[in-house]
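Report on the structure
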Amino acid sequence: MTPMDMLLSRASTDHLKAPAPSEAQMAEVLAAAMRAPDHGKLRPWRYVIVKDDARPLLAERIVASMVRLDPEVPEFKKEKRFNRFSTIPMTLVLGMHLRPEHKIPLWEQEMTVAAGAMNILNALHALGFGAVWVSGDVVNDQVLAEELGFPAPHKLAGFLFIGTPDAPLPTPKRPDPAQFTATWQGQPVSFAADGKTP
């Protein structure tokens, strides 16, 4: 597979089984994260690996966060979330170590974290692993963020579920890039994806 084939074949999946990446493999994957664009060299990405017996502990914190945010959350939703977090081979907590006082805007710091996460997803795929980025309301729960090591102003950016795909990756139909691309020639552009003629 060429590098371009690899990029074009990546797809998210939460149908994952053991094994998860080894320690050496994760070191290589996270080294790829460090290649993300980083204006000001603030290095705002932070990663917490959760595996083995720590998985149900994280699942308990996730469910507690759900209840904190919505005391009426249905039981089936709590069970579903607990099962996912406690059985996925590995979860990578995506943290954002933010510096609101810095001249680099917060939105740029957050985009650096997102770019690092995308590098991780691509690196995992290149090594034959599967993953999916999940979020939900719990990423806005500052209590949960603190429990995971991110006191304010630091935040959560979500979680990557990681493992070995237990079936061939899905091949979702991707839109034509031309629908989302325009060539600027001195006037505002329009995009076919917005129902307008470029």
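Since the model is a prediction, treat every value here as computed from it, not as a measurement. (Residues numbered from 1 in each chain as written. Predicted model: local features only at pLDDT ≥ 70, side-chain atom pairs only at ≥ 80, totals over all residues. Heavy atoms only, no water.)

**Topic: the packing of aromatic side chains**
Rules: Any pair of Phe, Tyr and Trp rings, taking the six-membered ring for Trp, is counted once the centres come within 6.5 Å. Such a pair is stacked with planes under 30 degrees apart, edge-to-face with planes over 60 apart, and tilted for the rest. Secondary structure is summarised from DSSP: a helix means a run of H or I of at least four residues, a strand means a run of E of at least two, and numbering begins at the N terminus for each. The classification of residues rests on relative accessible area computed with a 1.4 Å probe and restricted to protein chains. Under 20% of the type maximum is buried, over 50% is exposed, and intermediate values are partly exposed.
In this structure the tally under the stated criterion is two aromatic pairs. Summarising the aromatic geometry, the rings of Phe85 and Phe159 are spaced 5.2 Å apart at their centres and angled 90° between planes, so their arrangement reads as edge-to-face. Here Phe85 is found in helix 4 (residues 75–87), whereas its partner Phe159 is found in strand 5 (residues 155–165), with 74 residues between them in sequence. By relative accessible area, which is 3% here, Phe85 ends up buried. Here Phe159 falls in the buried class, since its relative accessible area comes to 0%. Look at Phe85 and Phe161: their rings are 4.9 Å apart centre to centre, the planes differ by 80°, and that puts the pair in the edge-to-face class. Placement of the pair is Phe85 in helix 4 and Phe161 in strand 5, with a sequence separation of 76 residues. An aromatic cluster is defined as three or more aromatic residues linked by ring pairs; in this entry it consists of Phe85, Phe159 and Phe161.

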